[in-house]
Amino acid sequence: MAHINLLDPLLSQRIAAGEVIERPSSILRELLDNAIDAGADEIRTSIDGGGIDRLSVSDNGSGITREDLAILGNRHATSKIHDPDDLYTIHTLGFRGEALYSIGAVTKLTVATHSAETGEASTLVIDNGRRHDIAEGGPGKGTAVTTEDLFLDIPARRAFLKRSSTEASMCRSMLVSKALAFPGIRFTFSSDGALRLDWPKAESLKERVMMLYRSEGIADADVYSLHTESEDFSIDIIAGNQAIKRSDRKEIRIYVNGRAVEEYSLQQAVTYGYGELLPGGSYPYAVVFINDSPELVDFNIHPAKREVKIRNKAEIHHAIVTLIQNGVKRQIPEIAPIQKEFYLEERKEAVRTEQGSTVPSFTRHTSSRPLSEPVIPYAEKDKAWLEKAKALIDERERGKKAEALKRKVQEEEKAKDTDEPCFRYIGQAFHLFLIAEKDHDLYLVDQHAAHERILYDDLLAKRTVQPLLVPIRIEVDDLADEFIERNTEVYESLGIKLEKRGKGVWEVTEMPASCRSLESEITDFIQSARADGQELESRLFAVIACKAAIKAGDDIDRWSAEEILKKVFAMKEPACPHGRTFLMKISEKELRLLAGRTG
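Residues numbered from 1 in each chain as written. Predicted model: local features only at pLDDT ≥ 70, side-chain atom pairs only at ≥ 80, totals over all residues. Heavy atoms only, no water.

Enquirer: If you had to explain the overall build of the protein chain to someone new, which residues and values would you point to?
Expert: Scanning the protein chain for helices and strands turns up 18 helices and 25 strands. Here the protein chain, with 599 residues, has 43% of them falling under the buried criterion. The contacts of the protein chain with a sequence gap of at least 6 include a subset with a gap of at least 24, amounting to 66%. Working note: accessible area of the protein chain is about 33400 Å², and carbon and sulfur atoms make up 51% of it. (Helix = DSSP H or I, 4+ residues; strand = E, 2+ residues; numbered from the N terminus. Buried < 20%, exposed > 50% of the residue type's maximum accessible area, 1.4 Å probe, protein only. Contact = heavy atoms within 4.5 Å. Areas by Shrake-Rupley, 256 points an atom, 1.4 Å probe, with all protein chains shown as cover.)

Enquirer: How would you sum up helix H4 (residues 99-106)? Please name residues and give values.
Expert: Summarising burial for H4: eight of the eight residues are buried, a large majority. Along H4, the residues that are buried comprise Ala 99, Leu 100, Tyr 101, Ser 102, Ile 103, Gly 104, Ala 105 and Val 106.

Enquirer: Report on the nonpolar core, specifying residues and quantitative values.
Expert: Among soluble globular proteins, nonpolar side chains are generally buried collectively. Ranked by size, the top nonpolar core spans 57 residues in total, and within it Ile 43 and Tyr 213 carry the most contacts. A total of seven residues in this core trace back to one element, the largest contributor, which is helix H6 (residues 164-180). If we ignore the near neighbours within four places in the chain, the residues touching Tyr 213 are Ile 218, Val 223, Ile 238, Glu 251, Tyr 285, Ala 286 and Val 287. One finds Ala 239, Tyr 283, Phe 299 and Ala 319 within the second-largest nonpolar core, a separate group that totals 31 residues. (Core = buried A, V, L, I, M, F, W, Y, C linked by side-chain atoms within 4.5 Å.)

Enquirer: Which residues make up the packing of H6 against helix H7 (residues 205-213), and what values do they have?
Expert: Where H6 contacts H7, the two axes come as close as 9 Å, and the packing angle between them is 160 degrees. Comparing the axis directions of H6 and H7 gives the class roughly antiparallel. For the pair H6 and H7, the crossing hand works out as left-handed. Mapping the contact onto sequence places Val 176, Ala 179 and Leu 180 in H6 and Leu 205, Arg 208, Val 209 and Leu 212 in H7. For the contact of H6 with H7, the residue count by class is six nonpolar, no polar and one charged. (Axes fitted to C-alpha atoms, helices over the stretch in contact; angles between N-to-C directions. Parallel < 35°, antiparallel > 145°, perpendicular 65-115°, else oblique. Left-handed = near helix turned anticlockwise from the far one by under 90°. Nonpolar A, V, L, I, M, F, W, Y, C, P; charged D, E, K, R; others polar.)

Enquirer: So, a negative patch on the surface: which residues are in play, and what are the values?
Expert: A cluster of acidic residues, Glu 231, Asp 232, Glu 295 and Glu 315, forms a negative patch at the surface. Looking at the secondary structure, you find Glu 315 in helix H9 (residues 313-327). Judged by its relative accessible area of 45%, Glu 315 is partly exposed. (Patch = residues over 30% accessible without salt bridge, like charges linked within 9 Å, V, L, I, M, F, W, Y side chains within 5 Å. Salt bridge = Lys/Arg side-chain N within 4 Å of Asp/Glu carboxyl O. Lys, Arg positive; Asp, Glu negative; His and termini not counted. Charge placed at Lys NZ, Arg CZ, Asp CG, Glu CD.)

Enquirer: Talk me through the confidence of the model for the protein chain; I want residue IDs and the actual numbers.
Expert: Put simply, the protein chain has an average pLDDT of 79, and 72% of its residues get 70 or more. Contacts from residues 338-348, a stretch scored under 50 in pLDDT, to residues over four places away or in other chains number nine contacts. (pLDDT = per-residue confidence, 0-100.)

Enquirer: Which residues make up the pairing of strand S1 (residues 42-48), and what values go with them?
Expert: Every second residue of S1 is oriented toward a common face, the buried set being Ile 43, Thr 45 and Ile 47 and the non-buried set Glu 42, Arg 44, Ser 46 and Asp 48. Sheet analysis places S1 next to strand S8 (residues 186-191), joined by six bridges and oriented parallel. Residue pairing in the sheet places Thr 45 in a bridge with Phe 189 of S8. Direction of pairing for S1 relative to strand S2 (residues 54-59): antiparallel, over a ladder of six bridges. (Pairing = 2+ DSSP bridges.)

Enquirer: Go over the packing of aromatic side chains with me, naming the residues and quoting the values.
Expert: Overall, the coordinates contain four aromatic pairs when judged by the stated rule. Aromatic pair Tyr 255 and Phe 289: ring centres 5.1 Å apart, planes at 25 degrees, arrangement stacked. With Tyr 255 in strand S13 (residues 252-256) and Phe 289 in strand S16 (residues 286-292), the pair connects residues that are 34 residues apart, well separated along the chain. The exposure class assigned to Tyr 255 is buried, which follows from its relative accessible area of 2%. Residue Phe 289 is classed as buried on the basis of its relative accessible area, which comes to 5%. Summarising the aromatic geometry, the rings of Phe 423 and Phe 569 are spaced 5.3 Å apart at their centres and angled 50 degrees between planes, so their arrangement reads as tilted. One end of the pair, Phe 423, is in the loop between helix H11 (385-417) and strand S19 (424-429); the other, Phe 569, is in helix H17 (residues 558-570), and 146 residues separate them in sequence. In this structure Phe 569 comes out as buried when scored by relative accessible area, which is 19%. Clustering of aromatic rings is evident, with ring pairs tying together Phe 423, Tyr 443 and Phe 569. Lying over the aromatic face of Phe 569, Lys 438 brings its terminal NZ or CZ to 5.4 Å of the ring centre. (Phe/Tyr/Trp six-rings, centres within 6.5 Å; stacked < 30°, edge-to-face > 60°. Lys NZ or Arg CZ within 6 Å of the ring centre and 35° of its normal.)

Enquirer: Quick one: what's the story with the sheet that holds S13, residue by residue and with numbers?
Expert: Read across the open sheet, the five strands follow the order S10-S11-S16-S13-S14; overall the sheet is mixed. Where the open sheet ends on each side, the last strands, each with one partner, are strand S10 (223-229) and strand S14 (259-260). Where strand S11 (residues 233-240) lies against S16, seven bridges are found, and the strand directions are antiparallel. From the neighbouring strand, Ile 237 faces S16, where its bridge partner is Val 288. Relative to S13, helix H8 (residues 264-274) is tilted by about 125 degrees, and along the sheet it contacts S11, S13 and S16.

Enquirer: Lay out the pairing of strand S23 (residues 497-502) in plain terms, naming residues and giving numbers.
Expert: As paired strands, S23 and strand S24 (residues 505-512) are joined by five bridges and run antiparallel to one another. Within S24, the position partnered with Glu 499 by the bridge is Glu 507. Between S23 and S24, which pair antiparallel and follow one another directly, the connecting turn spans two residues, one of which, Gly 504, has a positive phi of 75 degrees.

Enquirer: Give a detailed account of the environment of Ser 115, specifying residues and quantitative values.
Expert: Counting through the fold element by element, Ser 115 comes out in the loop between strand S3 (108-114) and strand S4 (121-127). Separated by 23 residues in sequence, Ser 115 and Gly 138 place their C-alpha atoms 9.7 Å apart. Leave out the neighbours within four places in its chain, and Ser 115 touches Ser 62, Gly 63, Ile 64, Thr 65 and Glu 120.

Enquirer: Kindly report on the environment of Val 57, identifying the contributing residues and their values.
Expert: Among the structural elements, Val 57 can be located in strand S2. Under the relative-accessibility criterion, Val 57 is labelled buried at 2%. Between the alpha carbons of Val 57 and Thr 147 there is a distance of 9.1 Å; along the sequence they are 90 residues apart. Sequence-distant contacts of Val 57, defined by excluding residues within four places in its chain, comprise Leu 28, Leu 31, Leu 32, Ala 35, Ile 43, Arg 44, Thr 45, Thr 143, Ala 144 and Val 145.

Enquirer: Which residues make up the pattern of salt bridges, and what values do they have?
Expert: What the rule picks out here adds up to 25 salt bridges. Notably, a salt bridge pairs Arg 158 with Asp 53, separated by 3.9 Å at the nearest N-O pair. Of this pair, Arg 158 sits in helix H5 (residues 155-158) while Asp 53 is found in the loop between S1 and S2, placing the two residues 105 residues apart along the sequence. Owing to a relative accessible area of 26%, Arg 158 belongs among the partly exposed residues under this scheme. On the basis of relative accessibility, which here comes to 38%, the residue Asp 53 falls in the partly exposed class. A salt bridge links Glu 136 to Arg 66, with the nearest nitrogen and oxygen atoms 2.8 Å apart.

Rendered as structure tokens:
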């Protein structure tokens, strides 16, 4: 008895479909790809029952001729590639010829189209693998593709689908993911008859991405648009500033040639670019659009095209890191009162209570007004009282501004004549923060990080070198040995002279004068360092500065504190050598709001 048999064609078709079509959002992904490839500038999506009952994508693209419609839906039927070499120069989102074949195997698929080439309108129906004859008629322009009753004939697969609301959410997310990369297309999305999304055409990638970000409360001013290009690729990054962060990588989106891909190493490049701008465990909002030469990328790995091989990934990785490091600027974080709105409302309620209004519920138990106290009758006021009050307030404000301007001019003149600082040092808090008042703002400065940055800048500027009476002997492995040999001139430019005494054996004969007490840290650094010249310099001096700086917990006298603060306030970008911000501020206005002083 034979044990091997050929599968029924319909059964094999459904098995193959399982690699491409997992749920309604999988269908939407493939239909959107086809609509974009057709040159549409308006794509309308509509779903019912989460896309399980019905899913439709309509576009105003070039349409399909009746001749092509007769082939459409067969396995490996595609207009995107024609010979093996085309696989290495793919410019379209679809190319495998499996999408409609797979969709037609697990749904009732209707393709209604109007060919811009022939002017013919035609409709094809494939019902769970069974093809119907092509019928006359269709839309006036473009193509409308509709699927109905997903997995109706495969109940085991249908049982694994989620609730319709969850599937609808996945479909919307899929549409958003596609729409971000194509700002020149209008996208609409309706679910169960209600319009859920309508994104018009956008002038730029940033404008399109902001359609998503604004819905999450992110302002345009908090987002950067970055661009770089080389001979083989270009990169655009829409990146949030340091204040916009989340606890996972979900909003680090990577696109390669218009496709959203899962590429961890490029997500990692984004996080490297932000570096110490974000605290540990936090991740940025960033969308990376990479346009690479088609011959350098390969999407022919998985039917869903979620994965990609990139031949010049190392160069792209470096470009992303550099672009973000240079483009995302550090901002001094402001300390905002958490309960500002509550204090404002409480203040307003207190004023209303004093004027005889009903006592608010949260203060009734503390009110000393007797319940029987008579209500003060309303007395008509002078009709011109409001105008008089405004005039009085305006006069007072003008007086305050004039006085403030006079005081500012006097302070500036005084600062010119003396060496007194432009701030007022208040003191030290928790043996960690220096507190100062400047220009109606209160500043908190991390003493260790600030001193570390000052020492780092001094090291970069001075580079004083001192010969060692007794050279320091270092033994390294083969990789470190090769690295040191290639970079001896780099080390010498940093003030560290290294002489080779044998295989894997080196001696330090000179080092910066400021490193006299840090010999072990310097040798450890030499044994472990693997970086280019610029990074070697920054990392080495960062190590030196960190070890020599004032520590958290150290007491500091007024003179030293003021000297540190003078240099801090003169810095264009206050950050320690590791990239961490050490300066925070809260304005006088915010402090007054926090204390309930609105006057």
